[in-house]
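Architecture at a glance
Here's the letter readout for the chains.
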Amino acid sequence: MSMLEVQNIHTYYDNIHALKGISLNVNEGEIVTLIGANGAGKSTTLKTISGLTKPREGAVRLHGNPLHTLPAHKIVEQGIIMVPEGRRVFGVLTVSENLEMGAFARNDKQAIAQDLEKVYSLFPRLKERRNQLAGTLSGGEQQMLATGRGLMGRPRVLLLDEPSMGLAPVLVDLIFDTIQQLHKQGTTILLVEQNARMALQVADRGYVLQSGEIVLSDSAENLRANESVQKAYLGIS
Amino acid sequence: MQLVRRFLPLVIGIYLLLFFGPLAGFDFFRIVGEIYNKPSLLLQQLINGLANGSIVAIVALGYTLVYGIIELVNFAHGDVFMLGAFMALTVIGATGVTETSTASEKLTAALLAGAAAIIFCGVINVIIERFAYRRLRNAPRLAPLISAIGVSFIVQNIGLFWGGLRSFFPIMGVNSAAPKAFPDLIGRVDVFKDWFGLDLPITLSTKELMVIVVAAALMVGLRLLVQYTKIGKAMRATAENRDAAKIMGIDIDRVISFTFLLGGALAGAAGLMFGLYNNTVVFTMGFTGGLRAFTSAVLGGIGNITGAMFGGILIGLLAAFSDQYFSSRWTNAWVFAILVTVMVFRPTGLMGENVGQKA
Ligand SMILES: Nc1ncnc2c1ncn2[C@@H]1O[C@H](COP(=O)(O)OP(=O)(O)OP(=O)(O)O)[C@@H](O)[C@H]1O
Ligand SMILES: [Mg+2]
């Protein structure tokens, strides 16, 4: 059985039918990527898994236990951590307070302190600015903070929504290195990326989303070789 | 030319004030004369204003905390403050202390009354949020606002009813709607003269000292709580972006409940302080007191904790000054004139700033 299982979910925003029966699964330790055009429903899929939006139909399960019936904060307690699109750091909190919030659901003080040091060594810039309000950070620094904040939750499943958006190439590499490192440590990752090329390089498998439906699912290798994927998402014609 | 245009409104404003101000008690030359003849009176009014303003500020914190987290003007908050005063009066009545009891009996009664008022108002506020606001959290803004006005009427009528229960609580007196005498447990000992032997033209009574010290302690306590505790940080995070807070594992319903608990507890404490300071409470005090507190919160920049404290004290000082030098009948008009002026020139309030993006 898969670790995370999304079964035929339909999610609406009022009357907008954003997800029209999405099914996907993620096995323990895998990196799975979701690719698709703007508005395809990638973020909505992640939001439905993390409980910010509720599916009208269908189910989300972790190790067979339903998640879609739980409020968002309980889903976090299950180890499902989302790094949302557009960062969403707390601008009126300092960098270190933001990281603390990332560990809100945890009570293991010592391990939290260790993880904080890990995040600071991963992103030394954050350490330099730890007492600065997050709202005053640059866009790229905020993205580092959002990622670091996600790591502070000790994710079992990490949901990353466009973690490389707006970052300089060096930082994109850093983020993808981090993803691979987490992968090696056994973290399960569901990755949404505009940068489909990089996403398909690190991922084991991928799903292609189009207007709220999954139109293709295969191994990353096969998707890279797929002609229509190349045309639509990899810029190869 | 530029300069003239810039200062013209100011000049016209001063001109109008000098001519028509006296109708509302603002007679510039008389006031300057009075202050010149007896400057100590001005200082005395500053002390009174500071004491009254401290109570207003504590109530204002409740408006600002709730607005900060769910962007609702909780019109029922002033009435919860009134319930605090009634609860305190009821408990003091039950302990049977009078103005002639010993100091330790009075202190015990006041502490009991304070504890009861704080717990009672905190719990009431949580219940109000749970039943009158929570379901409307994602509704158009007008809906919870109207609900709040409804709750305000209900709570006020509970006060009226409570005030009529003289067979259970003789301290309520015969008439349910009439102002009730609140025992003077502190007395008016002059701190300067009787404690320090200073012979000053102004007095600082023990009552005023109590109000100012307790209010300052509550404000410092609240600041520390919001700044340094885990729940305080969660409050700030929830206020800024509810969805982002949820995916940190924060139970925002609990954080919002806690915010109402805090606001209610502060209103309860303010109710006791008001009773002990003014020695009279009435079921409509929530409306008038609430209005001034709300004004203070807006003046300071609603949602801003420091702003609410500052605004409350400013309003207290202004009201004391107006009572003394303008005319007490015009005090509310002056308070609102200041509010309108500030809103026109600084819509975000004196200390308000646009922070972060809202969810
Ligand atoms: N809060 C919302 N209210 C109404 N409609 C929404 C909302 N959020 C998303 N939608 C709609 O749902 C659909 C899916 O949006 P979603 O954000 O999931 O797309 P996406 O694949 O993440 O796109 P992008 O690559 O631009 O981030 C879109 O048609 C969008 O307009
Ligand atoms: Mg998206």
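Data block above holds the structure.
Let me begin by describing the structure that accompanies this report. Here, residues in each chain are numbered from 1, in the same order as that chain's written sequence. Chains and ligands are labelled sequentially in the order written, the chains with letters from A and the ligands with numbers from 1. With the structure being a predicted model, the display of local features is reserved for residues of pLDDT at least 70 and the display and counting of side-chain atom pairs for 80 or more, all residues being used for whole-chain, interface and lining totals. Hydrogens and waters are ignored; side-chain quantities use all the structure's heavy atoms.

What follows covers the coordination of the magnesium ion (ligand 2). Residues and elements named next belong to chain A. At 1.9 to 2.8 Å from the magnesium ion (ligand 2) lie its protein donor atoms, namely Ser43 (OG), Glu85 (OE) and Glu85 (OE). In this pair, serine 43 is assigned in helix H1 (residues 42-50) and glutamate 85 in the loop between strand E6 (80-83) and helix H3 (95-102), connecting sequence segments 42 residues apart. Each residue gets one of three labels from its accessible area relative to the maximum for its type: buried under 20%, exposed over 50%, partly exposed in between, using a 1.4 Å probe on protein chains only. By relative accessible area, serine 43 is classed as buried at 16%. Judged by relative accessible area, which is 33%, glutamate 85 ranks as partly exposed. Coordinating donors are taken as N, O and S atoms within 2.8 Å of the metal, stretched to 3.2 Å for Na, K and Ca; because water is absent from the atoms, sites can appear incomplete. Counting from the N terminus, the helices are the DSSP runs of H or I reaching at least four residues and the strands are the DSSP runs of E reaching at least two.

Let us look at the packing of H3 of chain A against helix H9 (residues 230-240) of chain B. For helices, the fitted axis covers only the stretch in contact; all axes are lines through C-alpha atoms, and the angles between them, taken along N-to-C directions, range from 0 to 180 degrees. Closest axis-to-axis distance for the H3 of chain A/H9 of chain B pair is 11 Å, and the angle between their directions is 100°. In terms of orientation, H3 of chain A and H9 of chain B fall into the roughly perpendicular class. Packed against H3 of chain A, whose contacting residues are Glu97, Glu100 and Met101 of chain A, the element H9 of chain B presents Lys230, Lys233, Ala234, Arg236 and Ala237 of chain B at the interface. A breakdown of the residues in the contact of H3 of chain A with H9 of chain B according to their chemical character gives 3 nonpolar, no polar and 5 charged. Orientation is classified from the angle alone, with under 35 degrees giving roughly parallel, over 145 giving roughly antiparallel, 65 to 115 giving roughly perpendicular, and any other angle giving oblique. Any two residues having at least one pair of non-hydrogen atoms within 4.5 Å are treated as being in contact. Gly counts as polar in this scheme, as do all residues outside two lists: the nonpolar Ala, Val, Leu, Ile, Met, Phe, Trp, Tyr, Cys and Pro, and the charged Asp, Glu, Lys and Arg.

Ranked by size, the top nonpolar core spans 112 residues in total, and within it Leu4 and Ile80 of chain A together with Leu61, Tyr133 and Ile250 of chain B carry the most contacts. Per-element tally for this core: the top contributor is helix H3 (residues 39-70) of chain B, with 13 residues. The residues contacting isoleucine 250 of chain B, other than those within four sequence positions of it, are His73, Met101 and Phe104 of chain A together with Ala234, Ala237, Thr238, Ala245 and Val255 of chain B. Put simply, a nonpolar core is a bunch of buried Ala, Val, Leu, Ile, Met, Phe, Trp, Tyr and Cys residues held in one set by side-chain atoms that sit within 4.5 Å of each other.

Next up on the list: the sheet that holds strand E5 (residues 65-66) of chain A. Residue and element names in this part refer to chain A. At least two bridges found by DSSP between two strands are what make those strands a pair. Spatially, the 4 strands line up as an open sheet ordered E2-E1-E4-E5, and their pairing is antiparallel. A single partner strand is all that each edge strand has here, and the edge strands are strand E2 (16-26) and E5. Sheet topology note: the strand E1 (residues 4-13)/E2 ladder contains 8 bridges and is antiparallel. For valine 6, the partnering residue across the bridge sits in E2 and is leucine 24.

Moving on, we come to the pattern of salt bridges. Any Lys or Arg side-chain nitrogen located within 4 Å of an Asp or Glu carboxyl oxygen qualifies as a salt bridge. Under the criterion given, the structure shown has 19 salt bridges over all chains. The shortest N-O distance in the salt bridge between arginine 154 of chain A and aspartate 115 of chain A comes to 2.8 Å. Taken as a pair, arginine 154 of chain A in the loop between helix H6 (139-151) and strand E7 (157-161) and aspartate 115 of chain A in helix H4 (residues 109-122) lie far apart in primary sequence, 39 residues in all. Overall, the relative accessible area of 6% leaves aspartate 115 of chain A in the buried class. A salt bridge links arginine 134 of chain B to glutamate 129 of chain B, with the nearest nitrogen and oxygen atoms 3.1 Å apart. Comparing arginine 134 of chain B with glutamate 129 of chain B shows no difference in burial state: the two are buried. Salt bridges linked by common partners bring Arg106, Asp108, Asp115, Lys118 and Arg154 of chain A together as one network.

Moving on, we get to the sheet that holds strand E9 (residues 205-210) of chain A. Residue and element names in this part refer to chain A. One open sheet accounts for 6 strands, arranged E6-E7-E8-E3-E9-E10; its pairing is mixed. Looking along the sheet, the strands with just one partner apiece sit at the ends: E6 and strand E10 (213-219). The average undirected angle you get between the axes of adjacent strands in this sheet is 15°. Pairing of E7 with strand E8 (residues 188-192), which is carried by 5 bridges, proceeds in the parallel orientation. Its bridge partner lying in E8, aspartate 161 is registered against valine 192. In the packing of H1 onto the sheet, contacts are made with strand E3 (31-36), E6, E7, E8 and E9, and the angle to E7 comes to roughly 150°. On the sheet, helix H7 (residues 169-184) packs against E3, E7 and E8 and is oriented at approximately 150° with respect to E8.

The interface is formed by 19 residues belonging to chain B together with 22 residues belonging to chain A. In short, buried area is how much 1.4 Å probe accessible area vanishes from two parts on joining, totalled over both. For the pair chain B and chain A, the summed buried surface comes to about 2000 Å²; carbon and sulfur atoms form 65% of the total. Connecting chain B to chain A are 2 salt bridges. We note a salt bridge from glutamate 100 of chain A to lysine 233 of chain B, for which the minimum N-O separation is 2.5 Å.

Residues and elements named next belong to chain A. We call a residue near a molecule or strand as soon as one heavy atom of that residue lies within 4 Å of the molecule or strand. Residues in contact with ligand 1 amount to 14 residues; listed here are only the nearest, Gly39, Lys42, Ser43, Thr44 and Glu85. N or O atoms within 3.5 Å of each other form a polar contact, as long as, within protein, one can give a hydrogen and the other can take it, and as long as residues adjacent in sequence are counted only when both atoms are side-chain atoms. Between ligand 1 and the protein, one listed contact pairs an oxygen atom with a side-chain N or O atom of asparagine 38 at 2.9 Å. In the environment of ligand 1, an oxygen atom lies 2.8 Å from a nitrogen or oxygen atom belonging to the backbone of glycine 39. Using a 1.4 Å probe, the Shrake-Rupley method yields the accessible areas, and only the shown protein chains count as cover for residues. Against a free-state accessible area of 630 Å², the protein chains account for coverage of 64% of ligand 1. Looking at which element gives the most residues to the shell around ligand 1, the answer is H1, with 3 residues. Considered class by class, the residues forming the shell around ligand 1 number 5 nonpolar, 6 polar and 3 charged.

Geometric descriptors of this kind do not, in isolation, establish any biological role.
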